[in-house]
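# Remarks on the overall topology
One letter stands for each residue in the lines below.
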Amino acid sequence: MSKSKHVRVVVRTRPSAELADHMVKFTPDRKAVHIHIPKSIEGGFINNQQEDWDFRFDNLLHNASQEAVYDECVNSVMKGLLDGYNGTIMAYGQTGAGKTFTMTGASENYKHRGLIPRSISQVFREINDRPQLSYTARISYIEIYNEQMVDLLGTIPEVVKGDGGLNVVEDQNGTAQIKGLTVRVANTEEEALSYLFEGETTRSIAEHQLNRNSSRSHCIFTIWLESRSRVESSEKVLYSKLNLVDLAGSERLSKTQTTGVSLREAMYINKSLTFLEQVIIALADKKRGHIPYRQSKLTNVLRDALGGNCNTLMIANIRCEREYIEETISTLRFATRMMCVTNTPELNVQYDPVALIKKYEREIRELKQELSMHDTLSNRSHVQHEPFTEPQRLELQKQVKNFLENEDEELEIVSLRQVKEIFHQMRVLYKTLEQENEDWQRIHKNSIAGTSAKEEPHDTAQQGQRTSDDREDGVGDLEGNGFGVGLAPIVGRGAGGLAGGIGGVRAKDKHRKSRVSLQTSPYTVRQDAEDDDARSETMPDGATSTYRHMEMLAPADLSGLLPLPGQGGATAAAHNKSLAPPPSRAEEFEAFKRGRGADMSRILAENKTILKDKRRIAKESAESVNELKKRIDALKESIDRKRAGRGIGAEVQSGDEIIIDEEEYVFLNSLKRLKEEYRTQFDSLRSVRADIEYCSRLVDQCRQKLMTEFEQWYEAQYGGQIPEDGSDGQVEDMMDIGEKFDRLQMARMSQEDPDSLPFYNARKNSVRKTQKPYIFAIQKLLMPTKAGL
Ligand SMILES: Nc1ncnc2c1ncn2[C@@H]1O[C@H](COP(=O)(O)OP(=O)(O)OP(=O)(O)O)[C@@H](O)[C@H]1O
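Definitions and cut-offs
Residues numbered from 1 in each chain as written. Predicted model: local features only at pLDDT ≥ 70, side-chain atom pairs only at ≥ 80, totals over all residues. Heavy atoms only, no water. UniProt positions renumbered as here; feature names shortened; annotations may be inferred. Helix = DSSP H or I, 4+ residues; strand = E, 2+ residues; numbered from the N terminus. Contact = heavy atoms within 4.5 Å. Areas by Shrake-Rupley, 256 points an atom, 1.4 Å probe, with all protein chains shown as cover. Axes fitted to C-alpha atoms, helices over the stretch in contact; angles between N-to-C directions. Parallel < 35°, antiparallel > 145°, perpendicular 65-115°, else oblique. Left-handed = near helix turned anticlockwise from the far one by under 90°. Buried < 20%, exposed > 50% of the residue type's maximum accessible area, 1.4 Å probe, protein only. Expected span 1.5 Å × (residues − 1). Pairing = 2+ DSSP bridges. Salt bridge = Lys/Arg side-chain N within 4 Å of Asp/Glu carboxyl O.

Under an unreviewed UniProt entry, the name given to the protein chain is Kinesin-like protein, and the organism recorded is Powellomyces hirtus. We quote the UniProt Sequence similarities (unreviewed entry) comment for the protein chain here in full: "Belongs to the TRAFAC class myosin-kinesin ATPase superfamily. Kinesin family."

In structure tokens form, the structure reads like this:
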């Protein structure tokens, strides 16, 4: 049963060199804040001004890294998300308190990436770790600015027009849905990240184009997940979503002294934040029946997260400098209220109707097999459970006719289906008789009025025509040997006879057949193919690509990337002030290393030795990681082979239902274990690489320092003279250093954290992809100015 939970609230402080320590104090358990503002003298002798405030929260993060914030805030929500529970994380606080830094982070810096990119990475990691489930991840990104919703993944022109075209509507369950929202499928982490960056770019275009201030808008980035089991029946589908919300800055109008457009913006923000506050107050009051969600777009969209079916966490971003204390108190007050809000997270399960029908069909098939087995065992193998075929129906018709004609005849009853068919045949015969009786009476009436018929050739012709037609049809054989009032023998009537009966049944059959063929029409096949595509979409092989990247970026020996100065000279003193060209840099550099630069040179050598050791360890660790990777690949191949084999078998047995056997399940479990081991090894490799990165930076710095000192010394000794060997050494080295620096950066990045590659690739691709529309939008922006000139 689902339990109610209060909204978790975590406070994060923005680091600063000017913290008002004497006013803001945190308890040692990092869960409470005490604020003290001494009474001001202007208040006079009788002064009721409040001096102390105490606030208690779930956690308090002071000077915390992005990683620590992520670990504290996202882990529990993330687990629920993957299991089918909705989650919302929102950042609230005054302008500049670090909301955007917390949620999005610095998009150009992997280390400083915020909760959104980190959540994306974890979602795809978790998906890879759950091979028994098939997931589809989708992304949407909206901005709410002055009560207007903008689809940040929509087309640029719409955004540029300032018309997002989005509306909040309620479905029949009262859940708020955004009509017209773009929701994109993301098969990989890189794809999901590129949607984030695309949205960011769209946002900044809108900012330029419409002269907006992005800190005055609310942003909601949503990861939508859909999952179904690959192992058990797949009609059960779990739907969940994670809203990552960057709220607009809450600020006092008087303090910012905003006017004009900014004032209007600030009023809208304050209004929507006031509405948010009103909703929170209403939710906290257990006696309140009505919650005013509809007052603003923000509260309407976040209805699930506030007092609904969602794991919600709020990060209250605060600043602890003296000048921001009032805003900080107001943020903490809001956050305290938020803690009173309770939500009831519930599993979001739905049943896929197509999959359900498939399941029922399978069950019927199995029941029929069981029934026929039961019939065989109890000597009832002739019992019919399937619908009657045409020949069987004709045979039964004969039996019914015999039964009706001969009193001695008996009908053996074998199944309910047969009884129904007998009754049906009786009805057919009855109706035919009735019809023919009417026909006969009409003919008889006509023959009584025979004389007049002779005088009316037209009627006779008609009559003749009818008779011959009837004969052709085998109906109306007055001398017929048989049934009732002159019917043709039933069997002999074939397709035309018993038109209302068998013909009718046939017609129905035809209809049914056409319906059946419709079900297996190319359209349906294509639908199935699409389903398969969708399923294969849901199996992103992020792990594989990550590993491959890792192999590509195996530790490179970077020691040669920043060369020591190539040339130098040996005898500076002797040359000093002489007119002869100075000695070569190489000789001088060697001498320098033994003399003035000896200390630096020794430190450099020591660091190099440490670096070498670390590289050796990293190499061994990388070998064992690669070994694990090979085993994972081999296992994956076996699974693929199994799947390919199963694909054919499964089609024959149960349509396109995917059911895996025990062996494949064992494979999948071993794969999961190997992946875990891989991750552990990989983490230790990563930490060695971080050491390497640190050491190589030290080595670079020492080398650079040694070079710089040498260059300064050399310059002082020989001025701008050209050395003996004719090279100036300097320019060429500088160019190489620039180029090599880029390579060094790339290598560093990947050594520091191989997982960062999707982030950098997405960033690079997003910049490349959005450059064009961005330039286009900027050009458009400039056009009127040009025209005006
Ligand atoms: N924890 C932090 N560590 C380092 N820098 C930070 C931190 N928090 C915020 N900053 C820096 O402070 C500045 C303002 O932060 P940010 O833009 O995230 O504030 P905000 O609350 O989103 O403001 P707004 O409401 O105006 O959007 C940025 O330059 C950001 O890099």
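This next bit is on the overall build of the protein chain. Along the protein chain, the regular secondary structure elements total 24 helices and 17 strands. When contacts within the protein chain are restricted to residue pairs at least 6 apart in sequence, those whose partners lie at least 24 apart make up 75%. Carbon and sulfur atoms provide 54% of the accessible area of the protein chain, an area that totals close to 42,900 Å².

We now examine the packing of helix α1 (residues 66-73) against helix α4 (residues 115-128). It is the contact of α1 with α4, at a shortest axis distance of 10 Å, that shows an interaxial angle of 60°. Of the possible angle classes, the one that applies to α1 and α4 is oblique. Viewed along their axes, α1 and α4 form a crossing whose handedness is right-handed. Across the interface between the two elements, Gln66, Glu67, Val69 and Tyr70 from α1 touch Leu115, Arg118, Ser119 and Gln122 from α4.

This paragraph deals with the UniProt feature "binding site: ATP" (unreviewed entry) in the protein chain. With numbering matched to this structure, UniProt assigns "binding site: ATP" (unreviewed entry) to Gly93, Gln94, Thr95, Gly96, Ala97, Gly98, Lys99 and Thr100. Given a relative accessible area of 6%, Gln94 falls into the buried group. Setting aside residues up to four positions removed in sequence, Gln94 forms contacts with Lys99, Gly249, Ser250, Asn317, Arg319, Tyr324, Glu327, Thr328 and Thr331. Within the element layout of this structure, Thr95 appears in the loop between β7 (87-93) and α3 (99-103). A residue is classified by how much of its surface remains accessible, and Thr95, at 29% relative accessible area, is partly exposed.

We now examine helix α11 (residues 353-377). End to end, α11 covers 36 Å across 25 residues, agreeing with the expected 36 Å (1.5 Å per residue, within 8%). Among the residues of α11, Ala355, Arg362 and Asp375 are the ones counted as buried.

Read across the sheet, 3 strands follow the order β3-β4-β5 without closing on themselves; strand pairing throughout is antiparallel. Two strands bound the open sheet, and with one partner strand each, they are β3 (24-26) and β5 (52-56). Recorded for the sheet is a direction-independent mean angle of 15° between the axes of neighbouring strands. Sheet topology note: the β3/strand β4 (residues 32-36) ladder contains 3 bridges and is antiparallel. Within β4, the position partnered with Lys25 by the bridge is His34.

Let us now look at the pattern of salt bridges. According to the stated counting rule, one finds 24 salt bridges in the structure shown. With a closest N to O distance of 3.0 Å, Arg138 and Glu226 form a salt bridge. Placement of the pair is Arg138 in strand β8 (residues 133-145) and Glu226 in strand β13 (residues 218-229), with a sequence separation of 88 residues. The exposure class assigned to Arg138 is partly exposed, which follows from its relative accessible area of 26%. Salt-bridge contacts for Glu620 lead to Arg616; the nearest nitrogen and oxygen are separated by 3.4 Å. Linking Glu620 with Arg616, this pair stays in helix α21 (residues 598-654), spanning 4 residues, or about one helical turn. Residue class for Glu620 comes out partly exposed when judged on its relative accessible area of 45%. Here the residues in one salt-bridge network are Lys79, Asp83, Glu126 and Arg130, joined through shared partners.

Two elements, β8 and strand β9 (residues 148-151), share 4 bridges in a ladder whose sense is antiparallel. For Glu143, the partnering residue across the bridge sits in β9 and is Val150.

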